[in-house]
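A structural walkthrough
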2 protein chains.
Amino acid sequence: MAKGITTRASDYSKWYLDVIDAADLAEHSAVRGCMVIKPNGYALWENIQSQLDAMFKETGHQNAYFPLFIPESFMKKEAEHVEGFAPECAVVTHGGGKELEEKLYVRPTSETIIWSTYKKWIQSYRDLPILINQWANVVRWEMRTRLFLRTLEFLWQEGHTAHATRQEAVAETKLMIDVYRRFAEEYLAAPVFVGVKTAAERFAGALDTYCIEAMMQDKKALQAGTSHFLGQNFAKAFDVTFQDENGALEHVWATSWGVSTRLIGALIMTHSDDNGLVIPPRLAPIKVVLVPIWKDESQRAMMVEATDRLTKGWKGRIAFKVDDREQYRPGFKFNEWEKRGVPLRVELGPKDLESNQVILVRRDTGEKIAAPQEGLLEKIEQLLEEIQSALYQRARVFRDANTFEEDDFQAFQKLIEEPGGFFWVHWCGQAACEATFQETSKATIRLIPIDGSKEQKAAALFAASRRPLEYWWQNLISRIALILQPCGVRRIL
Amino acid sequence: MAKGITTRASDYSKWYLDVIDAADLAEHSAVRGCMVIKPNGYALWENIQSQLDAMFKETGHQNAYFPLFIPESFMKKEAEHVEGFAPECAVVTHGGGKELEEKLYVRPTSETIIWSTYKKWIQSYRDLPILINQWANVVRWEMRTRLFLRTLEFLWQEGHTAHATRQEAVAETKLMIDVYRRFAEEYLAAPVFVGVKTAAERFAGALDTYCIEAMMQDKKALQAGTSHFLGQNFAKAFDVTFQDENGALEHVWATSWGVSTRLIGALIMTHSDDNGLVIPPRLAPIKVVLVPIWKDESQRAMMVEATDRLTKGWKGRIAFKVDDREQYRPGFKFNEWEKRGVPLRVELGPKDLESNQVILVRRDTGEKIAAPQEGLLEKIEQLLEEIQSALYQRARVFRDANTFEEDDFQAFQKLIEEPGGFFWVHWCGQAACEATFQETSKATIRLIPIDGSKEQKAAALFAASRRPLEYWWQNLISRIALILQPCGVRRIL
């Protein structure tokens, strides 16, 4: 156990906060529930942003910016939306020293302000689709907050698209949940299940909420991203219509999708260990740290010079850091960079210099590898890809080892308590069953799979629902199943 | 005159709004005073951001993020600061459905929340300097708003640094105003004067405000960026002390500096013309647009294919767009890209194809240049640099032709009305003179130069002031002079 970091086994919640503290990522601010994202944490967010932003642009999206404030009357236009969000809003009542005629809500999400704007932009099918994303801060008045996972203010991106047909909007919703899946798997190195939420867990105002769910090291689920098919709800609320190719007036179809600084929480809880943070190389602000080792002043100059020689030409090719601070001993430095999650450490001592080698130390496994100085950058790049892949594999093995299929409800009730994990189980699809069950247990339905990877089973019962037709079809060809968190579940089939 | 764009000569203010509209950059939102930054406008901001961000990082700064909300008690800790900002704040009084015990101000700037945080981070000289920047939205309750130039909510960056000595903090303040100057001149292609503000125009809570001032095409000044030397004001207000190398307890020295989406307003008003937006190539989201020209369907396929062949290998090397839309005629397309400010247009018709050439059209001058297809990308890159440089030169010539030195107050009073422009004149340095004069005229003191480029003159009078010593010294070696906006000024020497 590293100094100052509680072990996962002894107190998982405290371990999480200790890792954040040890890696100097964030802290609570003087404003209740709001966090300060410190430079190390923000550098992670910048890397997440820049990768996602590239993926959004590759899929045809553009960025824009809409106001922070939403007039109260806008919030009230979509009935489910206001019911879901208004109670958790921060409300501005005074501006410029005067009481406002209409209250302004600090945006908890931007559907209403954006659809009131789209009304002006959309007249004809030629104006569609609109494919816009916004990077912004949002505020939701959470009572129990947790750094990165749930804070009163957080940073996120929210995509808001407008389409001429249901089919196109559904395709967009699925495209974006797949972008999130790819990002989670290829960059966060976090395996995820993809599916749709139950009606009870849907975004307020959506017809369908697609999600990606990841398993943390405590075997609990974390919702890492959502993509909402909003149907024509917001178009109807804000009266946004367009003339189709035949001259008929139609309401526009909508989607919205978002991920937030919560992804940093997912990153921490998927990979980190009792020695501190572990960052997947593709998202690491510093990918490799070089620590020259010396015993006296004359050696110091020689070793620093050797390290400078070694890293000549690296600038612009790899994000590296040379730690040649005089006042700290190597052991202190090793520990510091380990806590901060730098994927790879290069040690260079006088003996290594003599034999033209360095020692490479992997953050994920602790493995030490002697490597020749020649071709070092290529060796490092190769190792970083290996680490990226190993982190994903480790997380995948862990998740799969803790994901079960269970047909028997009695057995499931015991298993969800011990050993816990994710469970694929049957569910009738009725909201009443879900509600009753959640009251008598601690399990939550995480998703209904849509990828057809589970065998088909016919369902005995279906609930009345506003779900679109293709949803039923999916439900029938996929197994009628759910992932549940360790806490119980209802089996009705 | 382009369709829909008022000329500068007939109505400069309307021309400005017409250009924004024609280039589809932004619009007013349903929330009073807040703007929607549309994709074309936001793409400009992204380019501004990414260049500035690189310059901040090169000068040793890191990004972080601090809360949107500031408790009322924090605002009140620095007397001048609260007096300057509190009246123009948006105030949150309710959250999560309840009235708050303490009001929260939506940040108009973040000195107070940041210095309350720095207090926790700084104990010893080893913790200094802190060099942090934040990209964020801020709110100031402006009554008269104007797209990009003055809006209730705007996007900006704010740097907040902490130092062990006055000298180091002053050096940082100057370093950052010089970063802004470089950005303005090398990227915005806008020549600027650098100087300090008078006490009356200083940032609330600063000892000195350094600024860059640019001349717009109506000969008026636009403050494009400011860098504040805050002395120990905020450290004292929030009791932020550190132990120096000798063990003595000292208050920390501070700076803050920022630029905002107003830079887009500066860009528009410096370069655009009666045909619409003109974007300096280095900041252009689309640097070159290619328009294949055809007469019938068979030609169309041939010309589109030729254009594709021509641009093969360009992706990733230059931001270009091929406009092969079927439904519009070439003239319509030329006009559209002209309005949007794309620096260079490439026309390719059947005859050009035969003679292996293209026609290049410069946005800044309208000049048409026949160029061989071979080596086209290199030719374009060279022309873009020429345009960048020509835009700067044109703006520089315009500014210099409209900047005067005037020793005689009577003469100046006439000249500032007609022809107007910037005037270097004498000022005693007394706040009372500045105030009296501003009441009886429309002139404002834009800055006192610090670069020593003006000849030395002794000043007859100095005002009592909290300014640091080196300020007086600069004042003595530089000419005691000011830039004034067309509206009058006081000469006391």
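Refer to the structure above for everything that follows.
Keep in mind it's a predicted model, so treat the numbers as computed, not measured.

Another aspect to go through is the overall build of chain A. Within chain A, the secondary structure is distributed over 15 helices and 23 strands. The 493 residues of chain A split such that 59% are buried. Working note: accessible area of chain A is about 20100 Å², and carbon and sulfur atoms make up 49% of it.

Let us look at the interface of chain B and chain A. Across the contact, 51 residues belong to chain B and 51 residues belong to chain A. With both sides pooled, the region where chain B packs onto chain A buries about 4000 Å², and carbon together with sulfur makes up 64% of that total. Connecting chain B to chain A are four salt bridges. Residues Lys57 of chain B and Glu46 of chain A are paired through a salt bridge, measuring 2.9 Å at the closest nitrogen-oxygen approach. Summed over the shared surface of chain B and chain A, the number is 26 residue pairs in polar contact (both at pLDDT 80 or more). Take the side of chain B that touches chain A: its biggest share by element is six residues, from strand 5 (residues 90-95) of chain B.

Attention now moves to the nonpolar core. Core analysis: the largest hydrophobic core is formed by 88 residues, its most contacted members being Phe69 and Trp115 of chain A together with Phe69 and Trp115 of chain B. Phe69 of chain B has contacts with Val31, Cys34, Ala90, Val106, Val139 and Leu152 of chain A together with Val92, Leu104, Tyr105, Val106 and Ile113 of chain B, leaving out every residue within four places of it along the chain.

Attention now moves to the relation of the copies chain B and chain A. Overlaying chain B on chain A yields an RMSD of 0.0 Å, the required transformation being a rotation through 180 degrees with an accompanying axial translation of 0.0 Å. When the rotation and shift are considered jointly, the pair of chain copies conforms to a two-fold rotation axis. No C-alpha of chain B approaches the rotation axis more nearly than that of Val92 of chain B, which lies at 2.1 Å. Both copies present the same face, since 100% of the interface residues in chain B are matched by interface residues at the equivalent positions in chain A.

Residue and element names in this part refer to chain B. Locating Glu158 in the fold gives a position in strand 8 (residues 153-163). Buried within the structure, Glu158 lacks any salt-bridge partner; Arg107 is the closest side chain of opposite charge, at an N-O distance of 4.8 Å. Side chain to side chain, Glu158 and Trp156 meet in a polar contact 3.3 Å long. Filtering out sequence-adjacent residues up to four positions away, Glu158 remains in contact with Arg107, Thr109, Ser110, Ile132, Asn133, Gln134, Val138 and Trp257.

Moving on, we come to the packing of helix 1 (residues 12-22) of chain A against helix 8 (residues 262-271) of chain A. All names here are of chain A. Direction vectors running N to C along helix 1 and helix 8 enclose 115 degrees, while the axes themselves pass 11 Å from each other. When the interaxial angle is binned, helix 1 and helix 8 end up roughly perpendicular. The two elements helix 1 and helix 8 meet at a crossing, and its hand is right-handed. Here helix 1 contributes Tyr12, Trp15, Tyr16, Val19 and Ile20 to the contact with helix 8, which in turn contributes Gly265, Ile268 and Met269. Considered class by class, the residues forming the contact of helix 1 with helix 8 number seven nonpolar, one polar and no charged.

Glancing now at the pattern of salt bridges. A full pass over the atoms with the stated rule returns 57 salt bridges over all chains. With a closest N to O distance of 3.7 Å, Lys119 of chain A and Asp239 of chain A form a salt bridge. With Lys119 of chain A in helix 5 (residues 111-121) and Asp239 of chain A in the loop between helix 7 (233-237) and strand 12 (241-243), this pair connects stretches of sequence that are 120 residues apart. Residue Lys119 of chain A is classed as partly exposed on the basis of its relative accessible area of 39%. Two residues, Arg181 of chain B and Asp178 of chain B, come together in a salt bridge whose shortest N-O distance is 2.8 Å. Of this pair, Arg181 of chain B and Asp178 of chain B both sit in helix 6 (residues 166-186), three residues apart, which is roughly one turn of the helix.

Paired through their backbone hydrogen bonds, the strands of a sheet run either parallel or antiparallel. All names here are of chain B. With mixed pairing, five strands are arranged side by side in an open sheet as 16-15-17-18-19. The open sheet has two free edges, formed respectively by strand 16 (320-322) and strand 19 (368-372), since each of these has just one partner strand. Strand-to-strand twist across the sheet, computed as the mean angle between neighbouring axes with direction ignored, equals 25 degrees. Sheet topology note: the strand 15 (residues 288-292)/strand 17 (residues 344-348) ladder contains five bridges and is parallel. What sits directly across from Pro292, in strand 17, is Leu348. Seen against the sheet, helix 12 (residues 376-401) touches strand 15, strand 17, strand 18 (357-362) and strand 19 and runs at an angle of roughly 15 degrees to strand 18.

Another point: helix 2 (residues 39-58) of chain A. The first and last C-alpha atoms of helix 2 of chain A sit 28 Å apart over 20 residues, in line with the 28 Å expected at 1.5 Å per residue. At the C-terminal side of helix 2 of chain A, Gly60 of chain A shows a positive phi close to 90 degrees.

Residue and element names in this part refer to chain B. Tracing the backbone shows Leu283 in the loop between helix 8 (262-271) and strand 15. A residue is classified by how much of its surface remains accessible, and Leu283, at 0% relative accessible area, is buried. Sequence separation between Leu283 and Glu46 is 237 residues, and the spatial gap between their C-alpha atoms is 9.0 Å.

Our focus in this paragraph is the side chain of Glu27 of chain A. Position of Glu27 of chain A among the secondary structure elements: in strand 1 (residues 26-28). When sequence neighbours within four positions are dropped, the list of residues in contact with Glu27 of chain A reads Met35, Val36, Lys38 and Leu147 of chain A together with Thr117, Lys120 and Trp121 of chain B.

Residues and elements named next belong to chain A. Strand order across the open sheet formed by five strands is 16-15-17-18-19, with mixed pairing between neighbours. The open sheet has two edge strands with one neighbour each: strand 16 (320-322) and strand 19 (368-372). On average, each strand axis in the sheet is tilted by 25 degrees relative to the strand beside it, whichever way the strands run. Examined bridge by bridge, strand 18 (residues 357-362) and strand 19 share five bridges and lie antiparallel to one another. Bridging across to strand 19, Ile359 finds its partner in Ala370. Strands in contact with helix 12 (residues 376-401) are strand 15 (288-292), strand 17 (344-348), strand 18 and strand 19; relative to strand 18, the strand with the most contacts, it is inclined by about 15 degrees.

What counts, and where the lines are drawn
- Residues numbered from 1 in each chain as written.
- Chains lettered and ligands numbered in written order.
- Predicted model: local features only at pLDDT ≥ 70, side-chain atom pairs only at ≥ 80, totals over all residues.
- Heavy atoms only, no water.
- Helix = DSSP H or I, 4+ residues; strand = E, 2+ residues; numbered from the N terminus.
- Buried < 20%, exposed > 50% of the residue type's maximum accessible area, 1.4 Å probe, protein only.
- Areas by Shrake-Rupley, 256 points an atom, 1.4 Å probe, with all protein chains shown as cover.
- Contact = heavy atoms within 4.5 Å.
- Buried area = accessible area lost by both parts, 1.4 Å probe.
- Salt bridge = Lys/Arg side-chain N within 4 Å of Asp/Glu carboxyl O.
- Polar contact = N/O pair within 3.5 Å; in protein donor to acceptor, adjacent residues only side chain to side chain.
- Core = buried A, V, L, I, M, F, W, Y, C linked by side-chain atoms within 4.5 Å.
- Least-squares fit on C-alpha atoms with pLDDT ≥ 70 in both.
- Lys, Arg positive; Asp, Glu negative; His and termini not counted.
- Axes fitted to C-alpha atoms, helices over the stretch in contact; angles between N-to-C directions.
- Parallel < 35°, antiparallel > 145°, perpendicular 65-115°, else oblique.
- Left-handed = near helix turned anticlockwise from the far one by under 90°.
- Nonpolar A, V, L, I, M, F, W, Y, C, P; charged D, E, K, R; others polar.
- Pairing = 2+ DSSP bridges.
- Expected span 1.5 Å × (residues − 1).

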